[in-house]
Amino acid sequence: MWKNALTVIVLFFFAGACGNDAAPNASDSGTADADTDTDTDADTDADTDSDTDADTDTDSDGGVNPGELIGTIRDFHDTHPDFEAELGAETGIVEDQLGSDGKPVYAGGAGTVTTHGQAAFDQWYNDTAGVNMSTQWTIQLVEGTDGVWVFDDQEFFPIDGMLFGEEGNPHNYHFTYELHTQFTYNGGELFRFTGDDDLWVFINNRLAIDLGGVHGQLTEEADLDAQAVDLGITTGNVYPLDFFFAERHLVESHFRIDTTISDLAPPID
């Protein structure tokens, strides 16, 4: 079914690619302050709460809805050495094991095809005065068909008009996105990303998707059953999933997640 339809196009992640590739973003009210308001407010609150909880917390099978996932976007100037520079898809920019600080560990030595050393790379996912500015950003996975949860934005420019702004460009193209979540591995799960530019996904602190470089829209998938030994995961246990994205080049930005993991949730501190 869904798994058989997937096509792994190349390795890892994404960026608003090079300009030549086409590609893929409630509240309750009601206060009873008088007898005449009590029935109306009670009915309104009960209906609203019931609908909201059903939509946000559970899927059609009674499982947990992935819901909103909150991450951190960091905006960069286009003069940063790793942005608006060399082009090319590449793997091996980061180590296979997540760092003790919960960040990717640079593996490129003095530099790779599209990166320029550890000092510059370490700024991607760390607040650095004078180099980047950060803000929280939320994505909402929605239930598609066959138990697949989807977030799809084919013009992924979440910080237009914010932070450093567009800097004379049509959009703000130079940013990273860092997201931390967790899930229960039940067996059979898949996690697929399609987009540009870089993307790294770590499951149980181990690299599950390596889609680095500055490139057009590419697709890479983690098949948790096929990779279970490498990831060190066994069914019935809860594991962290850490997601690191970078948009580094004009003129497009595509961002799509498809996953059968149905209980993504914020990690427990």
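None of the values given here were measured: they were computed from a predicted structure.

Conventions and cut-offs
- Residues numbered from 1 in each chain as written.
- Predicted model: local features only at pLDDT ≥ 70, side-chain atom pairs only at ≥ 80, totals over all residues.
- Heavy atoms only, no water.
- Buried < 20%, exposed > 50% of the residue type's maximum accessible area, 1.4 Å probe, protein only.
- Helix = DSSP H or I, 4+ residues; strand = E, 2+ residues; numbered from the N terminus.
- Pairing = 2+ DSSP bridges.
- Core = buried A, V, L, I, M, F, W, Y, C linked by side-chain atoms within 4.5 Å.
- Axes fitted to C-alpha atoms, helices over the stretch in contact; angles between N-to-C directions.

**Quick word on the pairing of strand β6 (residues 149-153)**
Point 1. The buried count for β6 comes to 4 of 5 residues, which makes it a mostly enclosed element.
Point 2. Bridge count for strand β5 (residues 142-143) against β6 is 2 bridges, and the pairing is antiparallel. Paired with valine 142 across the bridge in β6 is valine 150.
Point 3. Connecting β5 to the antiparallel partner β6 that follows it, the hairpin turn spans 5 residues, and aspartate 146 within it adopts a positive phi of roughly 55 degrees.
Point 4. Relative to strand β13 (residues 255-259), β6 runs antiparallel, the two being bridged by 5 bridges. Bridge pairing in β13 links valine 150 to aspartate 258.

**Details of the nonpolar core**
Point 1. If you look at the biggest cluster of nonpolar residues, it comprises 35 residues, and the most contacted ones within it are Phe183, Phe191, Ile203, Leu241, Phe243, Phe245 and Phe255.
Point 2. Listed in part, the 14 residues of the second largest apolar core include Ile93, Phe202, Leu207 and Ala246.

**Section: the sheet that holds β13**
Point 1. An order of β5-β6-β13-β8-β11 is seen for the 5 strands of this open sheet, with the pairing classed as antiparallel. Because the sheet does not close on itself, it has two edges, and the strands there are β5 and β11 (218-223).

**Some details on the environment of valine 105**
Point 1. Mapped onto the fold, valine 105 is located in the loop between β3 (88-90) and α3 (118-121).
Point 2. In this structure, the C-alpha to C-alpha distance between valine 105 and isoleucine 93, residues 12 residues apart in sequence, is 8.5 Å.

**Brief notes about unusual backbone geometry**
Point 1. Across the junction of aspartate 196 and aspartate 197, the peptide omega takes the value 5 degrees, indicating a cis bond.
Point 2. Considering the arrangement of structural elements, one finds aspartate 197 in the loop between β8 (190-195) and β9 (199-203).
Point 3. Phi is positive for aspartate 146, which is not a glycine, with a value near 55 degrees.
Point 4. On the secondary structure map, aspartate 146 appears in the loop between β5 and β6.
Point 5. Under the relative-accessibility criterion, aspartate 146 is labelled exposed at 52%.
Point 6. Phi is positive for asparagine 204, close to 55 degrees, though the residue is something other than glycine.

**Side note on the sheet that holds strand β10 (residues 206-214)**
Point 1. Pairing in this open sheet of 7 strands is antiparallel, and the strands run β3-β10-β9-β12-β7-β2-β4 from one edge to the other. Lying at the two open borders of the sheet, with one neighbouring strand each, are β3 and β4 (132-140). Here the average twist between neighbouring strands, direction ignored, is 15 degrees.
Point 2. One ladder, built from 10 bridges, connects strand β7 (residues 175-184) with strand β12 (residues 238-247); its direction is antiparallel. When the sheet's bridge partners are listed, tyrosine 177 is paired in β12 with phenylalanine 245.

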